[in-house]
Amino acid sequence: MEFSELIRSRYSVRSYKPDPVEAEKLERVLDAARLAPTAANRQPFRLIVVPTQGREAELSRVYKSEWFVEAPLVICACGVPVESWSRWDGKTFTEVDVAIALDHLILAAANEGLGACWIAAFDEDAAREVFKIPDGWDPICLTTLGYPNDQGRPKNRKELADIVVYES
């Protein structure tokens, strides 16, 4: 799919078919995250891929919406702060790097005909337990992954003039 068409058609999927995600497609989607730019190319992130089948009750502790466990896969994107680059003033870019990687993953999923939904409003303690997140990793965001069983709606976005400032 042409890129501008892809970014216009991608949407947050909240209904999934039970069809499994093929291993080849999953690998391409995960590889897109691996190829994402990160500060100083440190790649301070890890992706935990969890099949939902048979784990619905456990995963529902992390995020309560029914569609969350309807997707065949859930991915937890974690930051690894000790691997992150720090600017001279001490600011680290772990969360930015995780966001870039997950955005690449989500766009690659759309390109493969898969749906995803960025989720930040989850129970972090439950996520740490359910995803078996090691010490030193921080769960930043989640995404569902699978074949959409719904259709996107028109996007409500600000006008370009409302978000861009040209310095003269």
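Residues numbered from 1 in each chain as written. Predicted model: local features only at pLDDT ≥ 70, side-chain atom pairs only at ≥ 80, totals over all residues. Heavy atoms only, no water.

Visitor: I tried to follow a negative patch on the surface on my own but got confused; where do I start?
Guide: On the surface, D19, E22, E24 and E27 cluster together into a negatively charged patch. Following the sequence through the fold, E24 ends up in helix α2 (residues 23-34). (Patch = residues over 30% accessible without salt bridge, like charges linked within 9 Å, V, L, I, M, F, W, Y side chains within 5 Å. Areas by Shrake-Rupley, 256 points an atom, 1.4 Å probe, with all protein chains shown as cover. Salt bridge = Lys/Arg side-chain N within 4 Å of Asp/Glu carboxyl O. Lys, Arg positive; Asp, Glu negative; His and termini not counted. Charge placed at Lys NZ, Arg CZ, Asp CG, Glu CD. Helix = DSSP H or I, 4+ residues; strand = E, 2+ residues; numbered from the N terminus.)

Visitor: Honestly, the layout of surface pockets in this entry has me stumped. Any pointers?
Guide: With a probe scaled to a water molecule rolled over the atoms, the places where space remains empty come into view. The space that makes up the largest pocket amounts to roughly 210 Å³. Forming the walls of the largest pocket are R10, Y11, S12, R14, D150, Q151, G152, R153, P154, K155 and R157. Looking at side-chain class alone, the lining of the largest pocket contains 2 nonpolar, 3 polar and 6 charged residues. (1 Å grid on protein atoms, 1.4 Å probe; cavity = no way out; pocket = protein on both sides within 12 Å on 5 of 7 lines; lining within 4 Å. Points joined across faces, edges and corners; volume = space filled by probe spheres on them. Nonpolar A, V, L, I, M, F, W, Y, C, P; charged D, E, K, R; others polar.)

Visitor: Just checking my understanding: could you explain the state of the cysteines for this structure?
Guide: In a disulfide, the sulfur atoms of two cysteines are held together by a covalent bond. Enumeration according to the criterion identifies 0 disulfides in this entry. C117 carries a free sulfur, and the closest cysteine sulfur to it, the one in C141, is 11 Å from it. Judged by its relative accessible area of 2%, C117 falls in the buried class. Unpaired in terms of disulfides, C141 finds its nearest cysteine sulfur in C76, a separation of 7.9 Å. Classification of C141 as buried rests on a relative accessible area of 1%. (Disulfide = S-S within 2.5 Å. Buried < 20%, exposed > 50% of the residue type's maximum accessible area, 1.4 Å probe, protein only.)

Visitor: Explanation requested: the environment of I48 in the structure shown.
Guide: Along the chain, I48 falls in strand β1 (residues 45-51). On the basis of relative accessibility, which here comes to 15%, the residue I48 falls in the buried class. Considered as a pair, I48 and E24 are 24 residues apart in the sequence and their alpha carbons are 17 Å apart.

Visitor: Which parts of the structure should I look at to understand the side chain of S15?
Guide: Looking at the element boundaries, S15 is found in the loop between α1 (3-9) and α2. Its relative accessible area of 17% is what places S15 among the buried residues. Here E70 takes part through its side chain, which lies 3.4 Å from a polar atom of the side chain of S15. Discounting chain neighbours no more than four positions away, the residues touching S15 are W67, E70, Y147, P148, N149 and D150. (Polar contact = N/O pair within 3.5 Å; in protein donor to acceptor, adjacent residues only side chain to side chain. Contact = heavy atoms within 4.5 Å.)

Visitor: Quick question: what am I supposed to make of the pairing of strand β2 (residues 73-79) here?
Guide: When a strand is regular, its side chains alternate between the sheet's two faces. Taking burial as the measure, the 7 residues of β2 include 7 buried ones, the bulk of the element. The alternating pattern of β2 places L73, I75, A77 and G79 on one face and V74, C76 and C78 on the opposite face, and all of these are buried. Bridge analysis of β1 against β2 gives 7 bridges, and the strand direction is antiparallel. Across the sheet, residue V50 finds its bridge partner in β2, namely V74. (Pairing = 2+ DSSP bridges.)

Visitor: Whenever I open this one, the sheet that holds β1 confuses me. Can you help?
Guide: The strands making up a sheet are joined through hydrogen bonds of the backbone, oriented either antiparallel or parallel. If you trace the 4 strands from one edge of the open sheet to the other, you get β1-β2-β4-β3, paired in antiparallel fashion. Each edge of the sheet is formed by a strand with only one pairing partner; in this case those strands are β1 and β3 (115-119). For this sheet, the mean inter-axis angle between neighbouring strands, taken without regard to orientation, is 20°. With 7 bridges connecting them, β2 and strand β4 (residues 138-146) associate as antiparallel partners. Across the sheet, residue A77 finds its bridge partner in β4, namely C141. Along the sheet, α2 makes contact with β1, β2 and β4, crossing β1 at roughly 160°. (Axes fitted to C-alpha atoms, helices over the stretch in contact; angles between N-to-C directions.)

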